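Spelled out from the first residue to the last, the chains are:
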Amino acid sequence: MQLKPSAPVRRRVRPAVAALCLTACAATLAGCGSSDAKADGDSKGDKGGTVRVTDATGTKVSVPEDPERVVALSEMDLDSSLALGVEPVGLTAGRGQQGAPAYLAKEAKGIPVVGAVTGPDIEKVVRAEPDVILAGQLADKQVLAQLRKIAPTVVTIDKTKDWRTSLRLTGKVLGKDDKADGFLDDYRAKTEALKKDLGSHAGATVSVARYSAKGTAVMQQGVFISGVLGDLGFKRPGIQNRKGEGHSTPISDESLEKVDGDWLFIGTLSSNGPDADLFDKLTHKPAYQQLDAVREKHVTEIDGSKWTSLGGANAAVSVLADIRKAMVA
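Read on for an overview of the structure. Because the structure is a prediction, the values reported are computed rather than measured.

**Description of helix 4 (residues 141-148)**
Among all positions of helix 4, only Val143, Leu144, Leu147 and Arg148 are buried. Summarising the axial view, the buried residues of helix 4 lie within an arc of 135 degrees, below the 170-degree limit, and thus occupy one face. Looking at the packing, one finds that the buried side of helix 4 touches strand 7 (119-120), helix 3 (122-127), strand 8 (132-134) and strand 9 (153-154).

Following this line, the structure appears as structure tokens:
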């Protein structure tokens, strides 16, 4: 990895000794990311230059006051870090992506990939020499134990997967509390302005779906985009009013009417590769052409990596802009 000029120059860990680093970390950095039984709540550290935070699992973790080298192990962690003005030194590839989610590709250009949705590559995380690791919703205790031997590790996403809660926690970890509060204030202001400007479309029924080689899937409650739409006061059609069992719910072509609504936002995870022309193929199917939203020309093709994945702070603001463009005359 070629360090950017603004980054502090540090000794790089050669691949041949990466595995040894894990063992060495256990001895030299013991407890750097472990729970701190002495603290009853979050507090500033003393002259040691650390801050104690409580992560999304209730674990207390001592982190550097102003970490300079941050590894982001989820899309939301990458989004939160960038929203707070911190460029990570390692990121996890987005769902269906080779690198950062498409909507963050420009801001994240050049950041090394150190893992995938399925989990981090421990050796690559070691090479990144992080001061702190943002572990997203990682629940594998064995992997977390390995990461905590490398650097203080904070699980940033709780069971609600709410991006605002995660942003606030990440702000504490990165020493950017004020920026997190400012971002949330700005989001609320943009949300209220959009609700006012929607006019006759306020309270409309809005459907969100993702299309892939496996077919169509709708986004139900309990996921990122449903939270944003709820903030705007939109209704949702049919099963999209209920919480799904997974991140999205597949439906057959025969049941395509389930994606109908006053407005439909639909897209693929990637505009490149095997999914590039999938949406175009969908638009030629008779069942799709019969949807009310299609006949009313109330369909918007979206970036699925932004709307239908884990989401985050920048994603939320960008979604507001997409809705404004589509629904405000």
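**Brief notes about the pattern of salt bridges**
In this structure the tally under the stated criterion is 11 salt bridges. For Arg148, the salt bridge goes to Asp55, with nearest N and O atoms at 3.7 Å. Here Arg148 is found in helix 4, whereas its partner Asp55 is found in the loop between strand 2 (50-54) and strand 3 (60-64), with 93 residues between them in sequence. Each member of the pair, Arg148 as well as Asp55, is classed as buried. The partner of Arg295 in a salt bridge is Asp292, and the shortest N-O contact between them spans 2.6 Å. A residue pair is termed a helical-turn pair when its members lie 3 or 4 positions apart in one helix, as Arg295 and Asp292 do in helix 10 (residues 292-295) at three residues. What you see here is one network of salt bridges that share partners, running through Asp162, Arg164 and Asp231.

**Describing the packing of aromatic side chains**
Per the counting criterion, the structure on display carries three aromatic pairs. When the centroid spacing of 4.9 Å and the interplanar angle of 85 degrees are considered together, the rings of Trp163 and Tyr187 count as edge-to-face. With Trp163 in helix 5 (residues 163-174) and Tyr187 in helix 6 (residues 177-197), this pair connects stretches of sequence that are 24 residues apart. Residue classification places Tyr187 among the buried residues on the basis of a relative accessible area of 2%. Judged by centre distance (4.7 Å) and plane angle (20 degrees), the ring pair of Phe265 and Trp307 falls under stacked. Remark: Trp307 occurs in helix 11 (residues 304-307) and Phe265 occurs in strand 13 (residues 263-267); sequence separation between them is 42 residues.

**Looking at the sheet that holds strand 8**
The sheet built from six strands is open, its strands ordered 7-6-5-4-8-9 with mixed pairing. Edge positions in the sheet fall to strand 7 and strand 9, since each has one partner strand and no second. Of the strand pairs in this sheet, strand 5 (residues 90-92) and strand 6 (residues 113-116) are connected by two bridges, and their pairing is parallel. Looking at strand 6, one finds that Thr92 is bridged to Gly115. Each of strand 4 (70-72), strand 5 and strand 8 is contacted by helix 2 (residues 75-83), which is oriented at about 140 degrees to strand 4, the strand it contacts most.

**Observations regarding the side chain of Ser226**
Within the element layout of this structure, Ser226 appears in helix 7 (residues 224-231). Look past the residues within four positions of Ser226 in its chain and what remains in contact with it is Met219, Gln220, Gln221 and Arg236.

**What about the nonpolar core?**
Counting 57 residues, the largest nonpolar core has Trp163, Ile225 and Ile323 as the members making the most contacts within it. Beyond its immediate chain neighbours, meaning those up to four positions away, Ile225 contacts Val208, Met219, Trp307 and Val319. With 15 residues, the next largest nonpolar core counts Ile251, Val259, Ile266 and Phe279 among its residues.

**Describing the packing of helix 7 against helix 12 (residues 313-327)**
Helix 12 packs onto helix 7 with a crossing angle of 55 degrees between their chain directions and a minimal axis gap of 11 Å. Compared by their axis directions, helix 7 and helix 12 come out oblique. Judged by the sense of rotation from one axis to the other, the crossing of helix 7 with helix 12 is right-handed. Two secondary-structure elements touch here, helix 7 through Phe224, Ile225, Val228 and Leu229 and helix 12 through Ala315, Ala316, Val319, Leu320 and Ile323. Its residues assigned to classes, the contact of helix 7 with helix 12 shows nine nonpolar, no polar and no charged.

What counts and what doesn't
Residues numbered from 1 in each chain as written. Predicted model: local features only at pLDDT ≥ 70, side-chain atom pairs only at ≥ 80, totals over all residues. Heavy atoms only, no water. Buried < 20%, exposed > 50% of the residue type's maximum accessible area, 1.4 Å probe, protein only. Helix = DSSP H or I, 4+ residues; strand = E, 2+ residues; numbered from the N terminus. Arc of directions from axis to C-beta. Contact = heavy atoms within 4.5 Å. Salt bridge = Lys/Arg side-chain N within 4 Å of Asp/Glu carboxyl O. Phe/Tyr/Trp six-rings, centres within 6.5 Å; stacked < 30°, edge-to-face > 60°. Pairing = 2+ DSSP bridges. Axes fitted to C-alpha atoms, helices over the stretch in contact; angles between N-to-C directions. Core = buried A, V, L, I, M, F, W, Y, C linked by side-chain atoms within 4.5 Å. Parallel < 35°, antiparallel > 145°, perpendicular 65-115°, else oblique. Left-handed = near helix turned anticlockwise from the far one by under 90°. Nonpolar A, V, L, I, M, F, W, Y, C, P; charged D, E, K, R; others polar.

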